[in-house]
Structure formats: C-alpha cells, structure tokens
Amino acid sequence: MHIVHLALQGCLRSHDIEYGITADTGGHIRYLLELVEASAEDPAITRITLVTRAFENDFSAIDYACREEYVGPKITLIRLPTDQPGYLPKEALWTELSSFVTAFDAWLAALPAPPDMLHAHYADAGEVAARLHARHRLPFVFTAHSLGRSKLFCLEQNGSRIGAATRAALERRIAFEERAIEHAALIIASSRDEAERQYADYHHYDPGKIRIIAPGSHLTDFLDAEPTPAVEALLHPFLRQPEKPALLAIARPVTRKNLATLVRAFGECAALRARANLVIVAGVRDHIDTLEPELADNLHELLTLIDDYDLYGHIAYPKHHAPEDVPALYAWARARGGIFVNPAFNEPFGLTLLEASAAGLPLIATDSGGPNDIVEQCGNGVLINPRHHQALAQEAMALFNDHDRWQQMAVRGRDAVRAFDWQRHAQRYHDLLTRLRRPVVDPKPITSLLICDIDNTLTGSAEGISAFNAWYAAQGGLAFGVATGRSFHSALSILEQAGIAYPRVIIASVGAEVYYRQADGVTYRQDTAWSAHLDSRWQREAIQRALSEITELTPQGSLEQRHHKLSYFSDGDSALPDRLKAVLTARGLKANVIHSHGRYLDVLPLDASKGLAVDYLRAQWGIASEALYVAGDSGNDLDMLRAAPCSIVVANYSDDLLDAPGMAHAYCTQAAHAQGVIEGVEHFRQQHARRLGDIA
Ligand SMILES: O=c1ccn([C@@H]2O[C@H](COP(=O)(O)OP(=O)(O)O[C@H]3O[C@H](CO)[C@@H](O)[C@H](O)[C@H]3O)[C@@H](O)[C@H]2O)c(=O)[nH]1
Ligand SMILES: O=P(O)(O)OC[C@H]1O[C@](O)(CO)[C@@H](O)[C@@H]1O
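Reading the values: the criteria
- Residues numbered from 1 in each chain as written.
- Chains lettered and ligands numbered in written order.
- Predicted model: local features only at pLDDT ≥ 70, side-chain atom pairs only at ≥ 80, totals over all residues.
- Heavy atoms only, no water.
- Helix = DSSP H or I, 4+ residues; strand = E, 2+ residues; numbered from the N terminus.
- Buried < 20%, exposed > 50% of the residue type's maximum accessible area, 1.4 Å probe, protein only.
- Contact = heavy atoms within 4.5 Å.
- Salt bridge = Lys/Arg side-chain N within 4 Å of Asp/Glu carboxyl O.
- Core = buried A, V, L, I, M, F, W, Y, C linked by side-chain atoms within 4.5 Å.
- Phe/Tyr/Trp six-rings, centres within 6.5 Å; stacked < 30°, edge-to-face > 60°.

1. Regarding the environment of leucine 612
- Within the secondary structure, leucine 612 sits in helix H24 (residues 610–621).
- Leucine 612 sits in the partly exposed class, given a relative accessible area of 38%.
- Taking the C-alpha atoms as reference, leucine 612 lies 8.1 Å from aspartate 639; in sequence the two are 27 residues apart.
- Residues within four places of leucine 612 in sequence aside, it is in contact with Trp530, Leu606, Asp607 and Asp639.

2. Quick look at the pattern of salt bridges
- Scanning the entire structure with this criterion turns up 31 salt bridges.
- The salt bridge involving lysine 90 is made with glutamate 91; its shortest N-O contact spans 3.2 Å.
- One salt bridge in this structure joins arginine 428 and glutamate 496, with 2.4 Å as the shortest N-O distance. Highlighted residues: arginine 428 in helix H17 (residues 422–437) and glutamate 496 in helix H20 (residues 488–498), separated in sequence by 68 residues.
- In this structure arginine 428 comes out as buried when scored by relative accessible area, which is 13%.
- The exposure class assigned to glutamate 496 is buried, which follows from its relative accessible area of 12%.
- A network of salt bridges, in which partner residues are shared, links Arg192, Glu196, Glu513, Glu560 and Arg562.

3. Some words on the nonpolar core
- Residues Leu248, Tyr330, Phe340, Leu450, Phe468, Phe480 and Ile506 are the most contacted members of the largest nonpolar core, which totals 100 residues.
- In terms of residues, this core owes the most to one element, helix H1 (residues 27–40), which gives eight residues.
- Here phenylalanine 468 is in contact with Leu450, Leu458, Phe480, Ala674, Val677 and Ile678, once residues within four sequence places are set aside.
- Listed in part, the 46 residues of the second largest apolar core include Val128, Phe140, Phe176 and Ile212.

4. A short note on the packing of aromatic side chains
- Going through the model one piece at a time under the given rule, you end up with 19 aromatic pairs.
- Seen from their ring centres, phenylalanine 104 and tryptophan 107 are 5.4 Å apart, and the 50° between their planes marks the pair as tilted. Taken together, the positions of phenylalanine 104 and tryptophan 107, both in helix H2 (residues 97–109) and three residues apart, correspond to about one turn of that helix. Grouping residues by exposure puts phenylalanine 104 and tryptophan 107 together as buried.
- With 6.2 Å between their ring centres and 80° between their planes, tyrosine 667 and phenylalanine 684 make a pair best called edge-to-face.

What follows is the structure in structure tokens.
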C-alpha cells in the first residue's frame, strides 16, 4: 500500500525539527514523523510519501526549499513549490492552495500508479485533499490535530479581543475543516474529547466516520531520560536555587497555550515561589522581534509579567534547546520532584503530557480537550480550569506538600502511558485502511441476531475473544451487534483494542443511540429515526435540574453525559432508583432509571434502554423472536435479558442478575465471558432444534 500524507504548514523536515521556530512548527510534525516511522515497519506498507510545500526562508539555516528528502527506507519527503516562494504562516497558506493542487496533480501524473490512500493533516491539507478527491476520487483520511471551532470558542470564552483578520482566518479554516469532514472517508481523532465534543460542533459531524486512535510517543526516550549537563547549562544560570522542585511547561508561545496564566499563578502565590522554580521552554528564538507577531507578542507578555512580579532568579526561560534536550528537561524536573503544567485554553490532545508522564512527572493540565482522556487513563494528575490561576497554584502546592501522592502519580503515569503506543496505533490504522480499500462483504440475508453487552461479557478473556471471532466468522446469516453503556466511540475503541470482530450494529449509551455498519465495512451511520423517537418524551434540562437537588447523586464526567443520557454515580442504595422516579413524577417528569454495578446510575428517555433498542432492531430487521439472542452480565443488561426469549447470562455475572424477577427463562452458561456467549447461542439453537423435532 502506498500512503501519501499531506501536511502543508510549519517547517517540516525528516529530523531535528525546530519546534516553535514558527507558530506552526509543533506537535503535528512530531505526530506525523512518528506515525510514518511506525507505519513503515509494516511489510504491507510498501511506500510512504510526505508531501509539503517548498519555501525559501531567512529565519533558519535549514533548506526548506529542497525538493526531495530521504526520511527512511520506504519514506520520502517531497516539497512542492507554489506561486509564492517564501514561508507563509498557516493563516496565509490558503492563497497557495490552488497552485499547490496544480503542483500535486503534476506530481501525481508522473507516478507509475496512483497512491492507495491520501491522509491530510490539519485544515489546509484537508481542503487540498477534498479538492483532489473531487477531481480524482482518491479516498482520504483526515486528522485535524487542532480544530478551528474549538479555538474560536476558547478565544471567545476567554474574552480575548479577536481582530477582524484573526476571525476571518479562523472562519476560513473552519470552512476548510467542514469540507474535509464532509468528504473524508475516515477521520482519525486522538481522544474522546476530540471525537465526541470538538468535532461535534461541525455541521458535517458524522460520529460514525470518526475513529479514536490515540497517538503514541517515543516513550523510551522519556522513560529512560536522565538530566544532562547540557540541560543544566541551559537552566541553572537563570536560577538562584536550581535544586528546588520545578513547575515545567514546554509549549510553543502561542496564545492558545496560555503560558501567561502559569506565570501569574507563580507570581501571585508567595508560597509557591518560596517552594519551587518555574521553567518555561517556549520554542527557540534568536531575536524576539523577528518572530511571527503572535509568538513575539506572547513572549513580550511573559517577559513583562516576569518583570512585574520580579521573578528573576526563580524562573528559567531558555532561548534555545536542541531536540535531544527535551527528554532531559523532563528528567531534570523529575529529579527535583517537579510537576509538568499544561495550562492551554484548549489542548486538542497534548503530546507533551505523554512525554511528561513517561518521564515520571505528575501533571496539572487544562480541563479543556485531550488531557481529560490522558489524565483519566493515566491517573497521574489533576485538571484545572485554565482561566483560574489561583486553582493552578493551589493544586501545585497541594501536590508539592503531599510527597506520597506525588510519588503515586509519578509511578502510575510511567506505567499507564505505555498504552500510548505507535506500533499499536499503526496496526489499527492499517487495518482500517485495508478494510476501506477492500470492504468485507456481509452475508445476506440476516436470519438471526446476537446482541452482546461488551464489558465482562465479550471482554475479560483473550482466548474467549479469539474463539468468539472464529466462531462468528463461520456463522452464515447471524448478525452480531453490541449493546453497551459506553458511548459509540468508547465502544469502538474497546472493541478494536480487544480485537473483537466489527459488529453490524452498535447500541450505545445504554440504548440511547443506535449505529449501523456501512457497506465500506468500517464506518457507521447513526439511526436518526431512533434519536427522533427518543426526543418526543425527553425533557433533559428539567430532569437534570430536578436531579441536581439529590445529594446521593454525583454526576459522572462530562463525556459520559449524552443528549439522551444523564449519568451519575450513586451512593449504592438499591432503593435510590425508585426514589428518583418519585421525585421526577412529582414534577410531572418521566424517565428510565437504570442502576448497575452498585454505583452507576443512568437516566434515559422513557423509550430508551438496551432492551427497547434491541426490540426496535428486531422489528426493523424482521427477526423471529426465537432467532434473537442477547447476552449480558450486569444490571444494565437486565431489561434486554428479560425481554428476549433466548437470554444468555455469562457465568461471571454480577448484580444478582439471576435472582431478578422475570429472569427464570435465562440460561446461565458454564463458561465465562465470550466463551459463555458461544455456549449460550448453541444452547438455544439445540433447544429450538429439539422443539422442532418434538413437533415433527
Ligand atoms: O519548545 C518546544 C515546544 C514544543 N516541543 C515539542 O513539540 C511537541 C508539541 O506537541 P503538543 O504538546 O501535542 O502540542 P502542539 O504543538 O500544539 O500540537 C498540536 O498537534 C498535536 C498532535 O496532534 C496535538 O497533540 C496538540 O494538542 C495540538 O495542539 C511536543 O513533542 C514537544 O515536546 C519542543 O520540543 N519544544
Ligand atoms: O493553535 P492552532 O491555531 O489551533 O494551531 C495548531 C497548530 O498546532 C500544530 O499542530 C502545531 O504542530 C499545527 O498544525 C498548527 O499550526
């Protein structure tokens, strides 16, 4: 397979990236280079070409006009010249897109065969890919890296003065993103926040086309890093007591990264200044005033704040650093019991958080964007509102004052961050590309339907999953689907991670959403008729208001809240659901309340539950009730298990499922997890065959 990656902005080269030399030379370049390196290891990938724009420059000694650069044995970087010869920031690149497309067309025409897939990185490349798609029907994948709507929203929320030119540039970028989202065959997001919140603000948002594959990082560089004399030489001249713990930030000095709030947090908290140093690594520069205006303005603001708070001797802000200094910078901070801080107004994902975690630094990060996912998965930090500098200072002091907590976070982060792995990313990425190119044809017609819960029903045993996949592949007209409390993206992520066959249908968010797999075998389409049906009797705001007064309920994280699902943690009292229903009824409100695992409590429209969604599907597909199998293990599976005649409870069940009323007909398997599912289906098939035999 030949994959062509398009990435137009910033200073892209094969090695020694000058991060921060321009506002657009940042994480997307690291992401891209590390992705293609991992991608090239797969023998199925025969060739990878990175295509960018050639430009002349006077701000760096590197030649960015050179037409071709070797990146690796299968990887080449091609630079295509456009009408204007000089460097252009991403806001001005749109003027060159037409001539870039013309140059790309000529390059394409000279290839012996068209590439198998295009992959566009960031809005401008997304627009180029959409135009190429219109001409050549080349399928393309889109990775936004940072979405314009989230940025605009954050700037507005922050009360920043948005000039007419900035607004126009953002609106153009958003229009490009809309076109890329509309025409891409597949969108790769890095986090649930990005897939479910950031993309959701777009008119062409189509959740079924988005897959979350978290990036990796060259973690070993950071896991094994040690402080170096070079880093000491960079930092120590700034600091009166370099041995003190440090708050460390590494980010391009763009407004979105909000480094000024970090300086304010430090400058205004005397206790923090007494306790720690502040280290800000914000790109590389020779003269501030020769940088792009946004970078120069932000650096001027930082210097002014440093001066106003008189932070000399307490803060380091080196002018230069080499790529190999970066792991050593984190290690230097770890050796002093430091903390990594990312106070961005919005961070789409945040590669620095992976790097810091691997280096063993606890995190204080913005609660807006990808850090939600990273901190939840790694359990090694706290999220803060990036507008509240006092909260940042308080959290830092609390962590510095609790060495055991610091230590736990450091250990947990180093361990958990290993899940962010480029090899695994590349495997899932290639699998999706292969399926897009050669769709798997589903057997028709569907004669029976198996709906399984995911967690602890399908998952829980790797051998069980292999057996299930092999068994399912041999089933003719049986369609397999899942019904889960997870969101659609979270469900797909766990299925892909666990290596479970792609379901034909996904009933997500406890029955609140239904998605069907498309003919391409990869993407899904949401059932909008089901959503419209749920809308009719759902008063979300009023229900949420009423429940906010119930002290035994604590809302789950914001990503668990869906349009048709409100999720809480309960105090475990089994009488709580009935009390909640009474509270709602007293206000003329109605909802379905589902309690599971003793602590999760989901409030759904009266017409939504796993069971109701399964029944809707059965009716739609005309499946006979004896040909519908459902399998589950816990409380939120109860209503579908009760309703289906072929009801399978896997041996490892919980929530006293079998003692619940209406479950006498269920079959409890001997085998646990996915093996139990196979056993259950076979059991009901044999039972059915015996009955037919008896009748005959
Ligand atoms: O002075 C600096 C500043 C940054 N970096 C490196 O540059 C990368 C920055 O990546 P990231 O923290 O992810 O931020 P962005 O540059 O803003 O990258 C964009 O693209 C990334 C990849 O998709 C996403 O993770 C981000 O959220 C998105 O804003 C990291 O490896 C840093 O170590 C340096 O080496 N030196
Ligand atoms: O701050 P913005 O405008 O969202 O842009 C994000 C920037 O981050 C990057 O990913 C940096 O690598 C670029 O693609 C882009 O210029």
